[in-house]
Amino acid sequence: MSKFNKKKDGDLPAVSTASLPDIVFMLLFFFMTVTVMKDSTLKVENTLPNASEVKKLEKKDRIIYLYVGKPTREYQKVFGTESKIQLNDKFADVSDVGSYILQERAKKAQELQNVLTTALKVDKNANMGIISDIKQELRKVNALKVNYTTYEGDAFRNLQ
Amino acid sequence: MAKRLSPGVHAGSMADIAFLLLIFFLVTTSIETDAGLDRMLPRMETPPPLIINERNILRISINDSDELLVEEERVDMGELRDIAIAFLDNGGAPPGNKGHCNYCEGLRKQESSDNPLEAVVLVTTVRATSYGGYITVQNELVAAYNHLRNREAQRRFGEDFTEMQAVYLNPETPEYIRASLREKIREIQGLFPLNLSEAEIK
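Residues numbered from 1 in each chain as written. Chains lettered and ligands numbered in written order. Predicted model: local features only at pLDDT ≥ 70, side-chain atom pairs only at ≥ 80, totals over all residues. Heavy atoms only, no water.

(A) The overall build of chain A, seen in detail. The number of helices and strands found in chain A is four helices and eight strands. Reading chain A from its N end, one meets helices and strands in the order α-β-β-β-β-α-β-β-α-β-α-β. Taken over the C-alpha trace, chain A has a radius of gyration of 26 Å; the compact-globule value for 160 residues is 15 Å, which it surpasses by more than 25%. Considered along the principal axes of its C-alpha atoms, chain A spans approximately 95 × 40 × 35 Å. Burial analysis of chain A (160 residues in total) assigns 43% to the buried set. For chain A, the separation between the mean place of its 26 positive charges and that of its 20 negative charges on side chains is 3 Å. (Helix = DSSP H or I, 4+ residues; strand = E, 2+ residues; numbered from the N terminus. Rg over C-alpha atoms; globule rule 2.2 N^0.38 Å. Buried < 20%, exposed > 50% of the residue type's maximum accessible area, 1.4 Å probe, protein only. Lys, Arg positive; Asp, Glu negative; His and termini not counted. Charge placed at Lys NZ, Arg CZ, Asp CG, Glu CD.)

(B) Focus on the environment of K121 of chain A. Residues and elements named next belong to chain A. Within the secondary structure, K121 is located in strand β7 (residues 117-122). According to the relative accessible area criterion, K121 is buried, its value standing at 7%. Taking C-alpha positions, K121 is 4.8 Å from Y67, a pair spaced 54 residues apart along the chain.

(C) Expanded view of the interface of chain A and chain B. Facing 57 residues of chain A, the contacting portion of chain B comprises 54 residues. Carbon and sulfur atoms make up 63% of the surface buried where chain A meets chain B, a total of about 5,200 Å² over both sides. Joining chain A to chain B, the criterion identifies three salt bridges. A salt bridge links E198 of chain B to K135 of chain A; the shortest N-O distance between them is 2.6 Å. Here chain A is connected to chain B by 22 residue pairs in polar contact (both at pLDDT 80 or more). (Contact = heavy atoms within 4.5 Å. Buried area = accessible area lost by both parts, 1.4 Å probe. Salt bridge = Lys/Arg side-chain N within 4 Å of Asp/Glu carboxyl O. Polar contact = N/O pair within 3.5 Å; in protein donor to acceptor, adjacent residues only side chain to side chain.)

(D) Expanded view of the pairing of strand β3 (residues 57-62) of chain B. Residue and element names in this part refer to chain B. With six bridges connecting them, β3 and strand β6 (residues 120-125) associate as parallel partners. Residue R59 lies in a different strand from β6, and its bridge partner there is L122. As defined by bridge partners, β3 adjoins strand β4 (residues 68-70) across three bridges and the pair is classed as antiparallel. Across the sheet, S61 pairs through a bridge with L69, a residue of β4. Two successive antiparallel strands, β3 and β4, enclose a turn made up of five residues, where D66 displays a positive phi of approximately 60°. (Pairing = 2+ DSSP bridges.)

(E) Quick look at the nonpolar core. In terms of nonpolar packing, the biggest core is built from 63 residues, with I134 of chain A together with I60, V121, Y131 and V137 of chain B touching the most fellow members. Counting residues per element, this core draws most heavily on helix α3 (residues 131-157) of chain B, which supplies nine residues. Among the nonpolar cores identified, the runner-up in size contains seven residues, and V44, L57, I63 and Y67 of chain A belong to it. (Core = buried A, V, L, I, M, F, W, Y, C linked by side-chain atoms within 4.5 Å.)

(F) Highlighting the sheet that holds β4 of chain B. All names here are of chain B. One open sheet accounts for five strands, arranged β5-β4-β3-β6-β7; its pairing is mixed. Single-partner strands in this sheet number two, and they are β5 (73-75) and β7 (196-198). Put simply, the sheet's adjacent strands are angled 30° from each other on average, direction ignored. In this fold α3 packs onto β3, β4, β6 and β7, with an angle of close to 175° to the strand it touches most, β6. (Axes fitted to C-alpha atoms, helices over the stretch in contact; angles between N-to-C directions.)

(G) Local environment of the state of the cysteines. Residues and elements named next belong to chain B. A full pass over the atoms with the stated rule returns one disulfide over all chains. Across the disulfide from C101 sits C104; the S-S distance is 1.9 Å. Taking the torsion about the sulfur-sulfur bond, which here is approximately 90°, the covalent link between C101 and C104 counts as right-handed. Each member of the pair, C101 together with C104, is buried. (Disulfide = S-S within 2.5 Å.)

(H) Region of interest: the confidence of the model for chain B. All names here are of chain B. The share of residues in chain B with pLDDT of 70 or more is 94%, and the mean pLDDT across the chain is 83. Across chain B, the element-wise mean pLDDT spans from 73 in strand β1 (residues 29-30) up to 90 in α3. Interface confidence in the predicted complex, given as ipTM, is 0.76; pTM for the same model is 0.79. (pLDDT = per-residue confidence, 0-100.)

Next up, the structure:
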């Protein structure tokens, strides 16, 4: 009969979820700005070696990527366990590297064609034989700027 | 006359939609920024055979189990940096002679390099050398050069060379800073040019 209803114990006001979308959108925009799209799925094992004296590779549009490593488990039956080169989405031979570089170079804008860098993403267990073959191919097509892409870290960890 | 209120849009499901988008971006993108060791390959046209004095060459070979041989001596990976610094910084040409290095602080041994401009580091690998081992060697050599360049940059400009280079390479650096840095970087690079050479694998 009282005019003022006593609140029952434990009757908490509901938490407003109206600002939840805003928070999630904020997260979304954060991820959209700091990440880049993956451009190709890797078919080779690609544990990069570590190095401490690295330089950052800026400007993605000036880089051509080459991946080298052992084929991953599901491709090993077909391609064996010897190190292979991956260009875009398929395995390639050393002799294909030159034409691939020329083809990629032709796709870039005219003013960038002379400043392209070839980023070699090579598994640390690959051997130098295939690397030096690739380097010969790169020299043939005059793609002289290379970058051995590495993780930042202690270089002596590569040796184990 | 009662004012008609439109029913409020239910915003509860907006969070779900945003979450879906968020998850999509998380899955399809990666955060990594690439970094690595920059190197210029030599041109294909064979240059006229250079005649380099044996004392100006530091020969490093890596075998198939990633062991190092420097000037025919077995050394540990950890010692390589100091060996390279000692070799590059030697400055063996006597004062007054052509090629005397007045900024070198090395031991000035006659049997080691004349000056950093002439000094060449030659890395030889075999086909079975692992890429990891090769990168370690390259990294140590770059570290040796960076050490010397930093020392010289500190003396002349009071800044680290690697620091200047990082600022220079950052695309957000304004042009007027880059222009002044370019000069300094060129000067230091002129004092310690990166003379790394590789023998072709047979």
